[in-house]
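# A closer look at the structure
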Amino acid sequence: MATVEHFTRALSADYFTEKELTSLIGCSSDKWHVTILKEMIDNSLDAAETVTQAPVIDIKIEYDGTLTVTDNGPGLPEQVVDGSLNFESFISDKNGKVAPTRGQLGNALKCLFAVPLVADGMAHAEINSQGLLHDIKITFDQLTGNPIIARETKEVEVYSGCFFKIHEFFKSRLEKTENGKKWVEYTGNDIEKAVEIFSLINPHAEFHLDLAGSERTFWGTQYINKWTADKPLIPHWHSNQQVKNLLQLTFNNLGNIPINKFLSQFNGFKQSSKQKTVCDGINRSSSLGIEAILNDDGVLSVMLHTMKDLSRPIKPGVLGGLVFDHVRKYWYEEKFEIFHKKATGYTTEGRPFTLDVFVQQMTEPSYGDPTIGLNNSVLIDGDISDLDHVLDDVKIDWSDPIRVLIHICTPYVEFHTKGKNSISLDPNIFTALEKKLTAAAKSWTKLKKKKLKEKKASVKEKTADVKIQSVVPLPSDADGLKAFADTLKQIQETIDFKAGARGWCYMLEDAIKLNKSDFSKAMDRISLCRKNGLLPWDFTAADSNREMICGDHSIDKRSPDVFFDDLILSMQSKHSEYHPVNLHDFIDVSIAVAVEKIELVELFRPICELYHVPLFNTKGWSDINSRCKLLLYFKEMEQQGKQCRLLYCGDHDPGGLNISGTLKDNLKQLEQAMGFSSDFVHVERFGLNYDFIQEHGLSWIENLDTSNSKTSSLDDPEHADHMKTYVQDYIKKYGVRKCEANALVVKHEAGRQLLTDTILKYIDLEQILEYEQALALEQEKVKALLMAKFAA
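Residues numbered from 1 in each chain as written. Predicted model: local features only at pLDDT ≥ 70, side-chain atom pairs only at ≥ 80, totals over all residues. Heavy atoms only, no water.

### Overview of the pattern of salt bridges
So the rule is basically this: Here a salt bridge means any side-chain nitrogen of Lys or Arg lying within 4 Å of a carboxyl oxygen belonging to Asp or Glu. Helix and strand definitions here come from DSSP, where helices need a minimum of 4 consecutive H or I residues and strands a minimum of 2 consecutive E residues; each element is numbered from the N-terminal end.
Tallying each qualifying case throughout the model produces 20 salt bridges. With a closest N to O distance of 3.2 Å, D297 and K244 form a salt bridge. Of the two residues, D297 sits in helix α9 (residues 297–309) while K244 sits in helix α6 (residues 240–254), which places them 53 residues apart along the sequence.

### Describing the sheet that holds strand β22 (residues 681–685)
The following threshold applies: In this scheme, strands are said to pair when DSSP sees at least two bridges between them. Helix axes are fitted to C-alpha atoms over the stretch in contact, other axes to C-alpha atoms as well, and angles between N-to-C directions run from 0 to 180 degrees. The criterion used for residue contact is that any of the two residues' heavy atoms lie within 4.5 Å.
Pairing in this open sheet of 4 strands is parallel, and the strands run β20-β19-β21-β22 from one edge to the other. In the strand order of this sheet, the two ends are held by β20 (615–617) and β22, each with one partner. Between one strand and the next, the sheet's axes are offset by a mean angle of 25°, whatever the strand orientation. As paired strands, strand β19 (residues 589–595) and strand β21 (residues 643–649) are joined by 7 bridges and run parallel to one another. For S590, the partnering residue across the bridge sits in β21 and is C644. Together, β19, β20, β21 and β22 form the strand contacts of helix α18 (residues 624–639), whose direction differs from that of β19 by roughly 165°.

### Some thoughts on the pairing of strand β5 (residues 146–155)
Across 10 bridges, the pairing between strand β4 (residues 132–141) and β5 is antiparallel. Within β5, the residue paired with K137 across the bridge is A150.

### Topic: a negative patch on the surface
Keep this limit in mind: The patch calculation keeps residues exceeding 30% relative accessible area without a salt bridge and links them within 9 Å when they carry like charges or within 5 Å when they are nonpolar (Val, Leu, Ile, Met, Phe, Trp, Tyr). Every accessible area reported is derived by Shrake-Rupley at a probe size of 1.4 Å, with residue values counting cover from the shown protein chains alone. Positive charges come from Lys and Arg alone, negative charges from Asp and Glu alone, with His and the N- and C-terminal ends not counted. For the purpose of locating charges, the reference atoms are NZ of Lys, CZ of Arg, CG of Asp and CD of Glu.
Together, D369, D386, D388, D392, D393 and E434 line one region of the surface with negative charge. Per-element accounting of the negative patch gives the leading share, 3 residues, to helix α11 (residues 387–393). Mapped onto the elements, E434 comes out in helix α12 (residues 427–465).

### Details of a positive patch on the surface
Put simply, the rule is: Here's how the labels work: a residue is buried when its accessible area is under 20% of the maximum for its type, exposed when over 50%, partly exposed in between, all with a 1.4 Å probe on protein chains only.
A cluster of basic residues, K341, K395, K442, K446 and K449, forms a positive patch on the protein surface. Element by element, the count of residues in the positive patch is highest for α12, at 3 residues. Position of K395 among the secondary structure elements: in the loop between α11 and β16 (402–409). Assessed through its relative accessible area of 47%, K395 is described here as partly exposed.

### Here we look at the sheet that holds strand β14 (residues 377–378)
Taking strand neighbours across the sheet as the criterion, the 5 strands line up as β11-β12-β16-β13-β14 in an open arrangement whose pairing is mixed. In the strand order of this sheet, the two ends are held by β11 (338–346) and β14, each with one partner. Strand direction decides the pairing type here: strand β12 (residues 352–361) and β16, joined by 8 bridges, are antiparallel. Opposite Q361, over in β16, you have I402 as the bridge partner.

### As for the nonpolar core
Here is the rule we go by: We define a nonpolar core as any set of buried Ala, Val, Leu, Ile, Met, Phe, Trp, Tyr and Cys residues linked to one another through side-chain atoms lying within 4.5 Å.
Core analysis: the biggest nonpolar cluster contains 65 residues, and W504, V593, F604 and L744 have the highest contact counts within it. Residues contacting V593, with those up to four places away along its chain left out, are F604, C608, V613, P614, L615, F616, L647, F686 and L755. Formed by 60 residues, the second largest nonpolar core is a distinct cluster that contains L45, V195, L211 and L322.

### Focus on the pairing of β12
Of all 10 residues in β12, 10 are buried; the element is thus mostly enclosed. Neither face of β12 is open: one carries P352, T354, D356, F358 and Q360, the other F353, L355, V357, V359 and Q361, and all of them are buried. In terms of strand pairing, β11 meets β12 through 9 bridges, oriented antiparallel. Residue pairing across strands places K342 opposite D356, the latter belonging to β12.

### Things to note about the packing of aromatic side chains
Condition: Pairing of aromatic side chains requires ring centres within 6.5 Å, counting the rings of Phe and Tyr and the six-membered ring of Trp. Pairs whose planes differ by under 30 degrees are stacked, by over 60 edge-to-face, and all others tilted.
One pass over the full model with this rule turns up 15 aromatic pairs. Measuring from centroid to centroid gives 5.2 Å for F169 and F170, while their planes differ by 75°, and the two rings are edge-to-face. Taken as a pair, F169 and F170 share a single burial class, namely buried. With a centroid separation of 4.8 Å and an interplanar angle of 20°, the aromatic rings of W504 and F539 are classed as stacked. Pair noted here: W504 is in helix α14 (residues 501–512) and F539 is in the loop between α15 (519–531) and α16 (560–571), with a separation of 35 residues, a long-range link. Pair check on accessibility: W504 and F539 agree, each one buried.

### What about a nonpolar patch on the surface?
Taken together, F563, F564 and L567 make up a surface patch of nonpolar side chains, about 290 Å² in accessible area. Tracing the sequence through the fold places F564 in helix α16.

### Focus on α6
Operational definition: Working rule for helices: expected span equals 1.5 Å times residues minus one. Note that the arc is defined by the directions from the helix axis to the C-beta atoms.
In this model α6 runs 21 Å from its N-terminal to its C-terminal C-alpha over 15 residues, within 8% of the 21 Å that 1.5 Å per residue would give. If you check which residues of α6 are buried, you get Q242, V243, L246, L247, L249 and T250. The buried residues of α6 occupy an angular sector of 165° when projected down its axis, which confines them to one face. Buried residues along α6 sit in contact with α7 (259–263) and α9. Trailing α6 by a residue or two, G255 shows a phi angle of about 85°, which is positive.

### Concerning the confidence of the model for the protein
Short version of the rule: A residue's pLDDT is simply how confident the predictor is in it, with values from 0 to 100.
Confidence in the prediction for the protein averages 80 pLDDT; 86% of positions are at 70 or higher. Ranking the helices and strands of the protein by mean pLDDT puts strand β1 (residues 56–61) first, with 94, and strand β8 (residues 180–183) last, with 62. In the model, residues 1–9 has pLDDT below 50 throughout and makes 2 contacts with residues more than four positions away in sequence or in other chains. Long-range and interchain partners of residues 465–470, a stretch whose pLDDT sits below 50, account for 12 contacts in this model, where long-range means more than four residues apart.

### A word on unusual backbone geometry
One non-glycine residue, Q130, lies in the positive phi region at around 50°. Of note, Q130 is situated in the loop between β3 (123–129) and β4. Looking at Q130, the relative accessible area reads 42%, which means it is partly exposed. Here the phi dihedral of N376 falls at roughly 60°; this positive angle occurs in a residue that is not glycine. Of the residues examined, N376 reaches a relative accessible area of 2% and is grouped as buried.

### Examining the environment of I731
Inspection of the secondary structure assignment puts I731 in helix α23 (residues 725–734). The sequence separation of I731 and L714 amounts to 17 residues, and the corresponding C-alpha distance is 9.1 Å.

### Regarding the packing of helix α17 (residues 598–610) against helix α24 (residues 748–759)
What counts here: Relative orientations are named as follows: roughly parallel for angles under 35 degrees, roughly antiparallel for angles over 145 degrees, roughly perpendicular for angles from 65 to 115 degrees, and oblique for any other angle. By the definition used in this description, the sense in which the near helix is turned from the far one sets the handedness, with an anticlockwise turn below a right angle giving left-handed and a clockwise turn giving right-handed. Three residue categories are used. Nonpolar comprises Ala, Val, Leu, Ile, Met, Phe, Trp, Tyr, Cys and Pro, charged comprises Asp, Glu, Lys and Arg, and polar comprises the others, including Gly.
Their axes nearest at 10 Å, the elements α17 and α24 cross at an angle of 40°. When the axes of α17 and α24 are compared, the pair comes out oblique. Crossing handedness for the pair α17 and α24: right-handed. Contact with α17, carried on its side by E602, L603, F604, P606, I607 and C608, involves H748, G751, R752, L755, T756 and I759 of α24 and no other residues of that element. Of the residues that constitute the contact of α17 with α24, the class distribution is 7 nonpolar, 3 polar and 2 charged.

### Section: α17
Put simply, the rule is: In this analysis the local bend is the angle between axes fitted, respectively, to the seven residues ending at and the seven residues starting at the residue.
Over its 13 residues, α17 runs 19 Å from end to end, which matches the ideal 18 Å to within 8%, given 1.5 Å per residue. F604 marks where α17 bends most, by close to 45°; the proline P606 follows one to four residues later. Those residues of α17 that are buried are in contact with α14, β19, β20, β21 and α24. H612 lies just past α17 and shows a positive phi near 60°.

### Observations regarding the packing of helix α8 (residues 272–281) against α9
Helix packing for two helices is described by the angle between their axes and how far apart those axes are. Look at α8 against α9: their axes get within 9 Å of each other, and the N-to-C directions meet at 140°. Here α8 runs over α9; the crossing is right-handed. Residues T277, V278 and G281 of α8 form the contact with α9, whose participating residues are V302, M303, T306 and M307.

Here's what the structure looks like:
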């Protein structure tokens, strides 16, 4: 008889590989340490609040990277330490408990041991709590895939609170320099920022931070009335599934306890009479063990319904929230007012919530991302789904001199990651957030509009001061050419891309009222200014198809020693050039962007780089090589099961609006050569539709001229395409005029937003984040190899 062998995998492996640990913690490895520290602070605060109204948290990080967190809570029970060292089971005191508490990772203690083990090969911890000192050392057996745990426990003098030390926890975040050790990649700043935000949203707590000898204290300023972790559970906050999860958690931790003991965890159910009423409702004895009802969904539904009938909902006010006076002390800026808006209410599921929004203008740009607090904890590099759209609506940009604090208290939030740093808000909470953020930012947006008007007026005034002829200067007019070149330089300072000669004509049309009839002359004068030195020779965008691609190397004037030092220095960042994964491994759609004008290549390049989308300069598709490369790219993507989309931006003219069919025809010509059907490629034209042109005031050209040798205009009956349906339909709808894609350079911000909106129809920002995290993990491996090789 044949024997079937089944592959088994130890659960502990989930904690001791970089990939799995990243998934458990919910962020890339460069944020592990701060995220786990955040979880430790969460747990310390939750514990301390059960015995004191004034938690005190000490965080110390020594020069060797050792982390110590001390609190004045009740201490860590021995059974919790035992559970945290059992990597074959999931132990959590929060899974199933629906309450507005802080620590949400569930396995934070396990991950705390795992981080130094994965990063440095060993974990050494000391836990001094409730009269016991636990000395724990952990290594990992690569052969068996199991951790090797050495633990010594001895009695010590009773210590109030909990003392938790992880030796060299931050070791991998330190690097040696000539002057000693320093933090890698702003780790120290991240730690200080996290503690500062904790203090900001916990006005009752006191924090002491010793960061490698640099000490700072964050004082608590006042007591707040908030929901603490020791409060009874509320039936109205739980769903049927959450009660089932809680039963399983209770069974795992306490065993088959009686139903009445389980019910006593809930608010209002300490009395045996109410416990009996619930048990009568489900036709079960109150002394019966919970295992009997654990998997009976019908009984659990009736039980929860009865509990809700016998108890009252909790009002939002008891959840607490932030206090304006405390935030004002932290955000003190004499010049600027703080705008605070508060909201309370109930979610669509009937759970209470409180919401606080603070907005303040700053002297210098400092906004970046808003600070987001949830249940008096901080989301490390966290985000709220669709919050960016709200910020856009209220005209808040990442570069604005403004800071935003959002804090939410509610019993239940839907998280997207295991590390609990990305959330979706209930529609009622999100609506309240949208309203309050808009109201708080109202004064700022008014001020911003005023400043923009003043800036435009100032630019207009400066432009008026420049004495330039609106007519293109003659080649012999030296003063006119210099003024012409100065205007171009002045415009270049306001944009972050290079334009081609014709693109510059559109910008001159907007700046000095250049006539379209003078475009050819202006292009000639730009060329002349580049030749005679009035403009840099590389002032206009280069045609990559005409760049010099071979020849002798440029002369290196560095000495061999300097060259070698520079080479070693450059190797420190070489790992960033390693790209073993592709964005399309994380999405179902394969996208490429095609443009016909060189200006659009430069204009769209930052957006395409940001979203990792290939960008092609089609130039009318006269080049077979370009078309074949595009088909080859889509062929590879289609073989991976991706939907292929070519996004095209070109002129608004008869040919441009008919481009989808034209491009498909041009690609179809090469199907036999490439062994790939263009039917798999969906061509989508975006941009430069009539509404966009009118909204942004782009310039029309009053003709339909083409390169036809016999007659240049499509409105001429002699033109070969004049009677074609697409031409006649265009003339009837838009008249004898067109708008070239080059015109987008005048409204370059709108052009980039147009491309962004089009791309984001197919790519989710979270998918990009997943890709970048996966890529960062692989690049870190190369970085580690480089460091090891050079060290050897």
